Amino acid sequence: QVQLVESGGGLVDTGGSLRLSCEASGQTFSSYAMGWFRQVPGKEREFAASISRFGLSKYYADAVKGRFTISRNDAENTLYLQMNNVKPEDTAVYYCAATRQRASRSLSEFEYWGQGTQVTVSS
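Residues numbered from 1 in each chain as written. Predicted model: local features only at pLDDT ≥ 70, side-chain atom pairs only at ≥ 80, totals over all residues. Heavy atoms only, no water.

Undergrad: Which parts of the structure should I look at to understand the state of the cysteines?
TA: Two cysteines whose sulfur atoms are joined by a covalent bond form what is called a disulfide. Within this structure, the stated rule accounts for one disulfide. Each disulfide pairs two cysteine sulfurs, and for Cys22 the partner residue is Cys96, the sulfurs being separated by 2.0 Å. Looking down the S-S bond of the Cys22 and Cys96 bridge, the torsion is -70°, so its handedness is left-handed. Here the residue Cys22 occupies a position in strand β3 (residues 18-26), and Cys96 occupies one in strand β9 (residues 92-99), the gap between them amounting to 74 residues. (Disulfide = S-S within 2.5 Å. Helix = DSSP H or I, 4+ residues; strand = E, 2+ residues; numbered from the N terminus.)

Now the structure itself:
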C-alpha cells in the first residue's frame, strides 16, 4: 500500500504557473505508475496526466497538453505536475493517484489516492 500527500496548490493568476507535488510513502514508489486527476464541485473527477514507472511514458488530457508537464523523482518518492499558462478552467481540486497497473487515463485503474490540493486560477 502507498500513502499519497499532495501540496503546492493555491491561487494563481491567469497565464501564471504553479507546481504541484505528491509525496509518497509506504511501498516502493518506483513500483507504481502515477497520475494526476482533477475535480470541480458538481462534476466528475477527470484525468489530467499520467506517467509510467520510471517515467518512460507520459499521457495528457487534451485540455492540458502543451501547458502541463508530469514528472517523477523516484529517489525522492515524489510526483510533480508543472502547470504553465494556467486558465480559469484549470480551477479544481487536484488529486494524485497510484496504480500497480500500467499508466492509464482511466480513473478506475488507479488504486490509491491522495486527499487533493485546491488550485484556483483568477481571471
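Undergrad: Mind showing me how you'd approach the environment of Thr14 here?
TA: Relative to the elements of secondary structure, Thr14 occurs in the loop between β2 (10-13) and β3. For the pair Thr14 and Lys65, spaced 51 residues apart in the sequence, the C-alpha separation amounts to 17 Å. Separated by 2.7 Å, the side chain of Thr14 and the backbone oxygen of Ser122 make a polar contact. (Polar contact = N/O pair within 3.5 Å; in protein donor to acceptor, adjacent residues only side chain to side chain.)

Undergrad: Please clarify how the packing of aromatic side chains should be interpreted in this entry.
TA: How two aromatic rings sit relative to each other is given by the distance of their centres and the angle of their planes. Evaluated as defined, the whole model comprises five aromatic pairs. Here Tyr32 and Tyr112 contribute two aromatic rings whose centre-to-centre distance is 6.0 Å and whose plane-to-plane angle is 80°, an arrangement assigned as edge-to-face. In this pair, Tyr32 sits in the loop between β3 and β4 (33-39) while Tyr112 sits in strand β10 (residues 112-113), placing the two residues 80 residues apart along the sequence. Each member of the pair, Tyr32 as well as Tyr112, is classed as buried. Judged by centre distance (5.1 Å) and plane angle (75°), the ring pair of Phe37 and Phe110 falls under edge-to-face. Of the two residues, Phe37 sits in strand β4 while Phe110 sits in the loop between β9 and β10, which places them 73 residues apart along the sequence. For Phe37, a relative accessible area of 0% gives the class buried. Members of the aromatic cluster, each reached through a chain of ring pairs, are Phe37, Phe47, Phe110 and Trp113. In this structure, Arg72 is placed above the aromatic ring of Phe29, and the distance from its NZ or CZ to the ring centre is 4.6 Å. (Phe/Tyr/Trp six-rings, centres within 6.5 Å; stacked < 30°, edge-to-face > 60°. Buried < 20%, exposed > 50% of the residue type's maximum accessible area, 1.4 Å probe, protein only. Lys NZ or Arg CZ within 6 Å of the ring centre and 35° of its normal.)

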